[in-house]
Amino acid sequence: MREPGGWWQRKSTPAKVETYTRWSFHFFAVIEVVSLGLPILGGIPGWLAGLLLVLVVGHAVACAVTASRALDWTRGRREQPVHTLWTLGAVTAAVSVTAIVIAEHGPGGDAVDSATGGIFSVVLIFGAGVFAMGVRDRRRVYGLVAGFAVGSGVVAFPLGLPGAATLLTMLAVLLGAGFLAFTSAFSVWLLNAVYELDEARETRARLAVAEERLRFGRDLHDVMGRNLAVIALKSELAVQLTRRGRPEAEEQMVEVQRIARESQREVRDVVRGYREADLGVELAGAQGVLQAAGIHCTFAADGEATAGLAADVQSALAWVVREATTNVLRHGDAGWCVVSVRVSDGRVVLSVENDGVGAGAGSRGGGPGGGGSRAEGFGVEGSGAEGSGAEGSGAEGFGVGGFGVGGSGLVGLRERLAAVEGTLEAGPVGEGVFRVVASVPLRVREVTG
């Protein structure tokens with residue numbers, strides 16, 4: 001059973017901004033109905049109150065529908081809602097004209113004049129503000145606001161509104177419609193900017209992954225290209241010598257075997273460069289990546305905990321930093337991350353904590369990454385050609401698996417830490433907070449000679 005509010009936690013940051021923007025404009029419709037409906041119900045009796053209330057509600061609904069479709073258009077999900085915009089313009093004109101006609105030629109009374117005057121101005125203001133969402137050119141927005149202001153005077157003055165009142169009405173419509181149009185245009189711009197920033201963030205992460213894959217490919221090519229060419233030539237020479245019955249063929253095959261073993265060793269060295277990372281380098285790299293992604297970072301490292309550690313201990317802890325950083329990046333809502341390294345009771349304790357985790361993240365196997373991956377893995381899940389255990393996946397890299405119950409990334413980290421008698425704990429530790437804690441016995445690098 002899903003917890004209350006889970007639908008909001010599962011949304012990405014751009015989706016949350018879009019939902020907030022959309023419902024803000026829907027709330028404008030509620031404001032229109034409440035601000036105009038209360039005077040109608042409070043001071044106008046009979047059928048006239050019902051008619052005016054129906055007009056106000058109809059205009060508010062037209063504004064809400066137009067705002068929703070205009071937002072879809074700005075996000076590229078539909079064509080420009082031209083017919084809807086014209087419908088809103090027609091409804092706005094009909095309601096405003098009806099209101100001014102009732103004010104000048106209908107039943108008298110201060111309540112009627114106040115209510116109809118408010119309807120005339122407010123529907124023009126809201127109509128112009130919402131209409132501006134469906135217009136992309138800035139000059140057209142200016143012309144739209146000015147047109148509604150001039151139109152209010154063109155309609156009101158011939159129908160009997162005094163000149164001074166007409167000018168005041170035009171000024172009120174100009175200022176109100178201008179403010180609401182600016183609010184609409186700014187909201188749309190902000191929504192588009194949030195989506196573009198999120199797409200740029202995804203692209204930057206994918207480019208980093210692609211660059212690392214290319215580097216890995218270049219390293220393998222440099223290592224294997226020459227050796228494979230030599231193996232091919234010597235094996236071909238061995239075939240020719242064998243056909244001629246020459247004893248030198250055995251020497252050539254022994255050389256092929258030697259080169260093959262050397263190539264295997266060199267490939268292991270290349271792969272080990274991805275698995276045996278330096279803890280200090282990984283901490284500095286993680287800080288730079290997180291800050292570039294707009295995540296506030298706090299790093300607290302004890303000098304005794306990072307200096308002089310044995311190579312296998314540094315490699316295991318560096319992998320925890322790398323995997324944990326990747327999972328922070330994979331979650332679009334992370335706003336801060338705290339990384340600490342300290343020595344406690346003869347053990348090195350590494351802690352990585354971040355916010356922005358939805359409810360139940362740990363049990364879903366996604367950890368802080370919960371949603372879609374912002375940076376795909378460099379390799380494949382599971383074990384590599386040389387088996388599992390401490391060696392793990394030979395070509396695995398950033399983002400392999402993911403934290404959580406049963407996640408291959410978590411299992412791989414535990415295997416790496418188990419090789420150095422370490423432990424790993426990962427899971428939610430509060431409202432929207434996820435923590436990864438690795439503990440390894442303190443062993444320093446041996447100094448020889």
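Keep in mind the model is a prediction, meaning the values are calculated, not measured. (Residues numbered from 1 in each chain as written. Predicted model: local features only at pLDDT ≥ 70, side-chain atom pairs only at ≥ 80, totals over all residues. Heavy atoms only, no water.)

Colleague: Would you mind going over the overall build of the protein with me for this structure?
Modeller: Along the protein, the regular secondary structure elements total 13 helices and five strands. The proportion of buried residues among the 449 residues of the protein is 43%. Taking the contacts inside the protein whose residues are at least 6 apart along the sequence as the reference set, 70% of them involve residues at least 24 apart. Approximately 23,100 Å² of the protein is accessible, and the part contributed by carbon and sulfur atoms is 60%. (Helix = DSSP H or I, 4+ residues; strand = E, 2+ residues; numbered from the N terminus. Buried < 20%, exposed > 50% of the residue type's maximum accessible area, 1.4 Å probe, protein only. Contact = heavy atoms within 4.5 Å. Areas by Shrake-Rupley, 256 points an atom, 1.4 Å probe, with all protein chains shown as cover.)

Colleague: Hey, could you run me through the environment of methionine 133 in this one?
Modeller: Assignment of secondary structure puts methionine 133 in the loop between α5 (110-131) and α6 (138-156). In the structure, methionine 133 is positioned 48 residues away from alanine 181 in sequence and 7.5 Å away in space, judged by C-alpha atoms.

Colleague: So what exactly am I meant to see when it comes to helix α3 (residues 46-74) here?
Modeller: For the α-helix, the turn length of 3.6 residues means that residues three or four positions removed from each other point alike. The end-to-end C-alpha distance of α3, which contains 29 residues, comes to 43 Å, matching closely the 42 Å that a straight helix rising 1.5 Å per residue would cover. Immediately beyond the C-terminal end of α3, within one or two residues, lies glycine 76, with a positive phi of roughly 75 degrees. (Expected span 1.5 Å × (residues − 1).)

Colleague: Explanation requested: the nonpolar core in the structure shown.
Modeller: Generally speaking, a soluble globular protein has its nonpolar side chains buried in company with each other. In this structure, Ile40, Ile44, Leu52, Ile119 and Met133 are the most contacted members of the largest nonpolar core, which totals 48 residues. Going through the elements one at a time, α2 (13-43), α3, α4 (82-105), α5, α6 and α7 (163-243) are the ones with two or more residues in this core. Take this core: its biggest share by element is 12 residues, from α5. Excluding its chain neighbours within four sequence positions, the residues that come into contact with isoleucine 40 are Ala49, Leu52, Leu53, Val56, Ala115 and Ile119. Grouped together as the second largest cluster of nonpolar side chains are 33 residues, Leu290, Val339, Val348 and Leu410 included. (Core = buried A, V, L, I, M, F, W, Y, C linked by side-chain atoms within 4.5 Å.)

Colleague: What's the story with the sheet that holds strand β3 (residues 347-355) in this structure? I'm lost.
Modeller: Pairing between the strands of a sheet is mediated by backbone hydrogen bonds and can be parallel or antiparallel. Strand order in this open sheet of five strands is β1-β2-β3-β5-β4, and the pairing throughout is mixed. Two strands close off the open sheet at either side, each with one partner strand: β1 (296-301) and β4 (423-430). The sheet shows a mean angle of 15 degrees between the axes of neighbouring strands, taken without regard to direction. (Pairing = 2+ DSSP bridges. Axes fitted to C-alpha atoms, helices over the stretch in contact; angles between N-to-C directions.)

Colleague: Quick question: what am I supposed to make of the packing of α3 against α5 here?
Modeller: Geometry of a packed helix pair, given as the angle between the helix axes and the separation of the axes. Between α3 and α5, whose axes approach to 10 Å, the crossing angle comes to 10 degrees. Relative to α5, the element α3 lies roughly parallel. Taking contact as the criterion, the partners of Leu48, Leu52, Val56, His59, Cys63, Thr66 and Ala67 in α3 are, on α5, Val112, Thr116, Ile119, Val123, Phe126, Gly127 and Val130. Class assignment of the residues belonging to the contact of α3 with α5 gives a composition of 10 nonpolar, four polar and no charged. (Parallel < 35°, antiparallel > 145°, perpendicular 65-115°, else oblique. Nonpolar A, V, L, I, M, F, W, Y, C, P; charged D, E, K, R; others polar.)

Colleague: Just to check I follow, could you spell out the state of the cysteines for this structure?
Modeller: Covalent bonding between the sulfur atoms of two cysteines defines a disulfide. Using the criterion set out here, one finds zero disulfides in the structure. The thiol of cysteine 297 is not disulfide-bonded; the next cysteine sulfur, from cysteine 337, is found 6.0 Å away. Given the relative accessible area of 10%, cysteine 297 is considered buried. (Disulfide = S-S within 2.5 Å.)

Colleague: How do you make sense of the packing of aromatic side chains when you look at a structure like this?
Modeller: The way to describe two aromatic rings as a pair is by their centre distance and the angle between their planes. Tallying each qualifying case throughout the model produces four aromatic pairs. For the ring pair phenylalanine 28 and phenylalanine 126, a centre distance of 6.5 Å and an interplane angle of 70 degrees mean the geometry is edge-to-face. In this pair, phenylalanine 28 is assigned in helix α2 and phenylalanine 126 in helix α5, connecting sequence segments 98 residues apart. What makes phenylalanine 126 buried here is its relative accessible area of 13%. Three or more aromatic residues joined by ring pairs form one cluster here, namely Phe25, Phe28 and Phe126. Directly above the aromatic system of tyrosine 195 lies the positively charged group of arginine 75, at a separation of 3.8 Å from the ring centroid. (Phe/Tyr/Trp six-rings, centres within 6.5 Å; stacked < 30°, edge-to-face > 60°. Lys NZ or Arg CZ within 6 Å of the ring centre and 35° of its normal.)

Colleague: Please clarify how a nonpolar patch on the surface should be interpreted in this entry.
Modeller: A contiguous nonpolar surface patch, about 450 Å² in accessible area, is contributed by Phe27, Val30, Ile31, Val34 and Leu38. Residue placement: valine 30 occurs in helix α2. (Patch = residues over 30% accessible without salt bridge, like charges linked within 9 Å, V, L, I, M, F, W, Y side chains within 5 Å. Salt bridge = Lys/Arg side-chain N within 4 Å of Asp/Glu carboxyl O.)

Colleague: Would you mind going over the packing of α4 against α5 with me for this structure?
Modeller: Interaxial distance between α4 and α5 falls to 8 Å at its minimum, and their mutual angle equals 165 degrees. Our classification of the angle between α4 and α5 gives roughly antiparallel. The two elements α4 and α5 meet at a crossing, and its hand is left-handed. Residues Leu85, Trp86, Leu88, Gly89, Thr92, Val95, Ser96, Ala99, Ile100, Ile102 and Ala103 of α4 touch α5, and the partners they reach there are Val112, Asp113, Thr116, Ile119, Phe120, Val123, Leu124, Gly127, Val130 and Phe131. (Left-handed = near helix turned anticlockwise from the far one by under 90°.)

Colleague: Please clarify how the side chain of threonine 325 should be interpreted in this entry.
Modeller: As for its placement among the helices and strands, threonine 325 is situated in helix α11 (residues 311-330). A polar contact of 2.7 Å, which involves the side chain of threonine 325, links it to the backbone oxygen of valine 321. Setting aside anything within four residues of it in sequence, one finds threonine 325 in contact with Ala286 and Leu290. (Polar contact = N/O pair within 3.5 Å; in protein donor to acceptor, adjacent residues only side chain to side chain.)

Colleague: Where do I start with the pairing of β4 in this structure?
Modeller: A regular strand carries its side chains on alternate faces of the sheet. In this sheet, strand β5 (residues 433-441) lies alongside β4 in antiparallel orientation, the contact comprising seven bridges. Bridged to glutamate 425 within β5 is valine 437. The antiparallel hairpin formed by β4 and β5 contains two residues in its connecting segment, where glycine 432 sits at a positive phi of about 70 degrees.

Colleague: What am I meant to see in the pattern of salt bridges here?
Modeller: Counting across every chain of the model gives nine salt bridges. A salt bridge links arginine 77 to glutamate 18; the shortest N-O distance between them is 2.4 Å. Taken together, the residues arginine 77 in the loop between α3 and α4 and glutamate 18 in helix α2 connect sequence positions 59 residues apart. Residue glutamate 18 is classed as buried on the basis of its relative accessible area of 8%. Put simply, arginine 22 and aspartate 72 hold a salt bridge, and the shortest N to O gap is 3.0 Å. Of this pair, arginine 22 sits in helix α2 while aspartate 72 is found in helix α3, placing the two residues 50 residues apart along the sequence. Pair check on accessibility: arginine 22 and aspartate 72 agree, each one buried. In this structure, a network of salt bridges that share partners links the residues Glu18, Arg22, Asp72 and Arg77.

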